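Descriptive structure summary
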Amino acid sequence: MSRKVTSSSRRKFLQSSAAAAAGLAAAPYFPWSPYTMAQDAKTTSKQDRPILGCIGVGDRWNAVGPQAMNFADCVAVCDVDVNMREKAKGMALNKLGEKGKERGVEMYEDYRKLLDRKDIEVVTIVTPDHWHVKIGIEAMKAGKDVYCEKPLTLTIDEGKQISKVLKETGRVFQVGTQQRSEMSARVNKDGKQRIDQQFLHAVAICKSGKLGKLVKATCVIGGAPSSGEIPKAPVPTGFNWDMWLGQAPMVDFVMGKKGEGNNRQYPESRTHYEFRWWYEYSGGKMTDWGAHHIDIAAWCLGVDTSGPSHIEGTADHPVPFKDGWPTVSNKYNAATKFHVTAGFPGEMEMHILSDGENGITIEGTEGTIFVSRGDLRDEKGTAVADYMKTKPSENPAIATLYKGKRPGNHMGNFFECRQDRTQPISDVYTHHRAMTTAHLANICIRLGKKLQWDSQAEQILGDDEANKWLKREQRKGYEIEV
Ligand SMILES: NC(=O)c1ccc[n+]([C@@H]2O[C@H](COP(=O)([O-])OP(=O)(O)OC[C@H]3O[C@@H](n4cnc5c(N)ncnc54)[C@H](O)[C@@H]3O)[C@@H](O)[C@H]2O)c1
């Protein structure tokens with residue numbers, strides 16, 4: 001299903017990006033068909049592709065790494081686990097082919113050594129959440145453009161810090177919330193008719209007024225699993241546990257047994273992939289999937305640059321909590337179930353639920369739509385017909401939402417924006433606002449109280465204790481400095 005790009009549209013893009021990119025190295029060729037971009041981005045000249053370094057090369061990097069390498073030549077990989085960096089080096093060399101033999105791919109345990117390299121222009125950050133902002137800030141200060149996985153932040157304060165450094169450094173920064181660019185959904189019951197970029201369409205429908213006055217968004221994002229007691233275990237050889245923990249408190253390495261539904265490298269651990277189920281390193285599903293669905297819901301409601309005025313809710317946690325902290329250290333601790341309601345100015349509500357069909361429902365006075373990774377439907381379960389008539393690339397509402405660029409490839413959008421030095425579609429500022437709602441939701445369910453929020457001052461109102469939760473204590477040597 002490849003889509004032709006006319007020579008005049010290509011010329012227009014090249015003209016505008018060439019002007020913006022004056023003084024930069026020769027611009028890579030962007031043919032701007034999302035379906036052919038990956039192939040066309042390959043070149044044989046080593047001079048015309050940005051030089052890439054990859055920090056954190058675990059599970060998700062298996063997708064993000066090759067996506068980035070469609071546009072850039074990877075010369076360095078970094079991970080605190082030797083197994084991961086060796087795997088990534090092999091993948092990068094393979095992708096580079098002949099060029100790789102000449103140039104090589106360096107492995108690093110310490111990301112600061114990778115950032116010290118002046119030849120590296122672009123980095124991907126695909127570490128666990130508690131490292132995103134520290135590495136992101138240091139990367140921008142070292143002059144790199146950044147593609148960083150979601151959720152960008154661990155706390156609301158981190159969101160303020162990274163926004164500040166982005167403004168100061170003028171780097172280009174894409175957050176990995178690919179729902180803003182990609183995906184394809186069914187639009188009728190038999191699933192034969194499909195639509196690309198359904199989340200963008202959902203936002204466009206909301207902004208068109210067809211649903212009337214918007215009153216409610218419901219995000220269903222799942223809950224964390226629970227675990228048994230996970231025993232202490234020796235730190236695996238070649239794994240820098242201190243550096244993996246980073247800003248989080250020093251604790252014993254723990255690991256369960258493989259099998260019983262968990263065959264990950266370190267099953268039932270605090271580390272690879274499993275970090276999501278611990279508040280020390282993440283926010284559970286509230287931030288893991290909230291980063292995607294709260295982001296889209298906030299965009300739909302038009303609150304992506306502001307925030308809620310109050311938030312309340314309830315949750316089940318898999319271990320007992322006291323004053324917001326788990327009292328047990330050897331079991332997953334993130335919420336297994338929750339129902340949070342955030343109120344926004346203009347009498348709009350956002351409900352964030354663990355249970356139900358994963359996706360986002362937007363209700364207005366005139367209609368309702370549901371959007372998910374597989375579906376875009378109205379309240380009768382049928383296609384949202386008006387919007388099926390045009391392809392995303394030909395729909396002016398989508399073009400406006402996508403800042404005049406063509407959607408279809410989230411990584412491609414990052415590299416295109418590097419050319420004209422604009423912020424990509426998943427920008428830090430709106431992501432920080434979406435994450436603020438998710439973090440407030442977690443503060444609310446951990447403390448078990450309703451919070452009033454001043455979205456301009458970015459402060460919890462009338463509650464000094466709760467306000468302390470906007471940031472966390474960071475372990476000595478791993479503090480974030482702006
Ligand atoms: N956009 C999406 O749809 C999507 C999907 C999955 C994961 N993610 C995000 O990707 C991130 C990584 O998730 P994952 O499942 O790949 O986790 P993972 O644990 O498999 O991989 C993370 C890697 O980072 C390494 N690491 C930790 N600290 C490091 C440091 N200081 N320096 C260098 N490397 C370090 C770990 O050793 C590990 O190999 C998470 O933030 C997650 O939310 C996004």
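This text gives an overview of the structure that appears in the document. Small disclaimer: the values here were computed from a predicted structure and weren't measured.

In this section: the site of the ligand. The environment of the ligand is made up of 29 residues, and the closest members are Gly56, Gly58, Asp59, Arg60 and Glu149. Of all the elements in the fold, those that place two or more residues in the shell around the ligand are α7 (129–141) and α10 (241–245). A domain split of the shell around the ligand shows at least three residues from each of domain 1 (7–181 + 403–429) and domain 2 (185–402 + 430–482).

Once that is clear, we can look at the packing of helix α8 (residues 156–169) against helix α15 (residues 428–447). Contact pair α8 / α15: the axes reach a minimum separation of 9 Å and the direction vectors enclose 175 degrees. Relative to α15, the element α8 is oriented roughly antiparallel. Of the residues in α15, those in contact with Ile156, Gly159, Ile162, Ser163 and Leu166 of α8 are Val428, Tyr429, His432, Met435, Thr436 and His439. Of the residues assigned to the contact of α8 with α15, the class counts are six nonpolar, five polar and no charged.

Looking now at the sheet that holds strand β3 (residues 106–108). One open sheet accounts for six strands, arranged β3-β2-β1-β4-β5-β6; its pairing is parallel. Each edge of the open sheet carries a strand with a single partner, namely β3 and β6 (173–175). Between one strand axis and the next, the sheet turns through 20 degrees on average, direction left out of account. Note that strand β5 (residues 145–148) and β6 share three bridges and pair parallel. Its bridge partner lying in β6, Val146 is registered against Phe173. Relative to the sheet, helix α4 (residues 82–96) contacts β1 (51–55), β2 (73–78) and β3, its axis offset from that of β2 by approximately 175 degrees.

Conventions adopted
- In every chain, residue numbers begin from 1 and rise along the written sequence.
- Two thresholds apply to this predicted model, a pLDDT of at least 70 for residue-level local features and 80 or more for giving and counting side-chain atom pairs, whereas whole-chain, interface and lining totals are computed over all residues.
- Only the C-beta atom matters for nearness: placed from the backbone, it must lie within 6 Å of the molecule or strand for the residue to count as near.
- Numbering of helices and strands starts at the N terminus; helices are DSSP runs of H or I of at least 4 residues and strands are runs of E of at least 2.
- Domain start and end points were adopted from an automatic or database domain assignment.
- For helices, the fitted line uses only the C-alpha atoms of the stretch in contact; every axis is such a line through C-alpha atoms, and the angle between N-to-C directions lies from 0 to 180 degrees.
- Angle categories: roughly parallel below 35 degrees, roughly antiparallel above 145, roughly perpendicular from 65 to 115, and oblique for all the rest.
- We call two residues in contact when the distance between their C-beta atoms, placed using the backbone, is within 7 Å.
- Under the grouping applied here, Gly and all other residues not named as nonpolar or charged are polar, the nonpolar ones being Ala, Val, Leu, Ile, Met, Phe, Trp, Tyr, Cys and Pro and the charged ones Asp, Glu, Lys and Arg.
- Strand pairing requires that DSSP identify at least two bridges connecting the strands.

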